[in-house]
Amino acid sequence: MVRFECDTCGKLKDNGEPWILGFAAESVGVKSARREINIASGWDDAQAVDWLAVHFCSDDCRAEYTERLFSNRTIPIAGETASVKKSTAVRTRRKRA
Ligand SMILES: [Zn+2]
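Remember, it's a predicted structure, so these values are computed and weren't measured experimentally.

Asks: Looking at this structure, how should I read the nonpolar core?
Replies: What tends to happen in soluble globular proteins is that the nonpolar side chains get buried as a cluster. Judged by nonpolar contacts, Cys6, Trp19, Ile20, Ile37, Val54, Phe56, Cys57, Cys61, Tyr65 and Leu69 together constitute the single largest core of 10 residues. Top contributing element to this core by residue count: helix H2 (residues 59-71), with three residues. Ignoring sequence-local partners within four residues, the contact set of cysteine 61 consists of Cys6, Thr8, Cys9 and Phe56. Membership of the second largest hydrophobic core comes to five residues, among which are Phe4, Leu21, Phe23 and Ala48.

Asks: Explain the coordination of the zinc ion to me, please; I cannot follow it from the model alone.
Replies: Octahedral metals with six donors have ideal donor angles of 90 or 180 degrees. Tetrahedral metals with four donors have an ideal donor angle of 109.5 degrees. Protein-derived ligands of the zinc ion are Cys6 (SG), Cys9 (SG), Cys57 (SG) and Cys61 (SG), with the metal-ligand distances lying across 2.3 Å. Angles of 105 to 118° at the metal separate the four donor atoms of the zinc ion, which places the site in the tetrahedral class. Written as a sequence motif, the donor residues of the zinc ion are C-x2-C-x47-C-x3-C. Of the two residues, cysteine 6 is situated in the segment before strand S1 (20-28) and cysteine 61 in helix H2; the sequence distance between them amounts to 55 residues. When its relative accessible area of 9% is taken as the criterion, cysteine 61 is described as buried.

Cut-offs used in this document
Residues numbered from 1 in each chain as written. Predicted model: local features only at pLDDT ≥ 70, side-chain atom pairs only at ≥ 80, totals over all residues. Heavy atoms only, no water. Core = buried A, V, L, I, M, F, W, Y, C linked by side-chain atoms within 4.5 Å. Buried < 20%, exposed > 50% of the residue type's maximum accessible area, 1.4 Å probe, protein only. Helix = DSSP H or I, 4+ residues; strand = E, 2+ residues; numbered from the N terminus. Contact = heavy atoms within 4.5 Å. Donors = N, O, S within 2.8 Å, 3.2 Å for Na, K, Ca; no water. Tetrahedral: all angles 85-135°; square planar, octahedral: opposite > 155°, others 65-115°.

Printed below as a string of structure tokens:
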């Protein structure tokens, strides 16, 4: 039996719990890399075992994961050093309140 774990807090899913299922998508272009998550319309065990699938026990965990994903700019991405100006522009637009 497959047990699903929340990708944010590590909680284990119980049968029948209405968890949130998402799929990580990563597209690396010539000038930039982009990560995003597509949230599925509902939980599906068959889709949840997909290697790109991410699992959340609540919308809070979903939001936290997404926030972490988009705020983490410390991972070096191929090609990013060649577009420093563009990166700076993005960071300025996303400045913290
Ligand atoms: Zn969680």
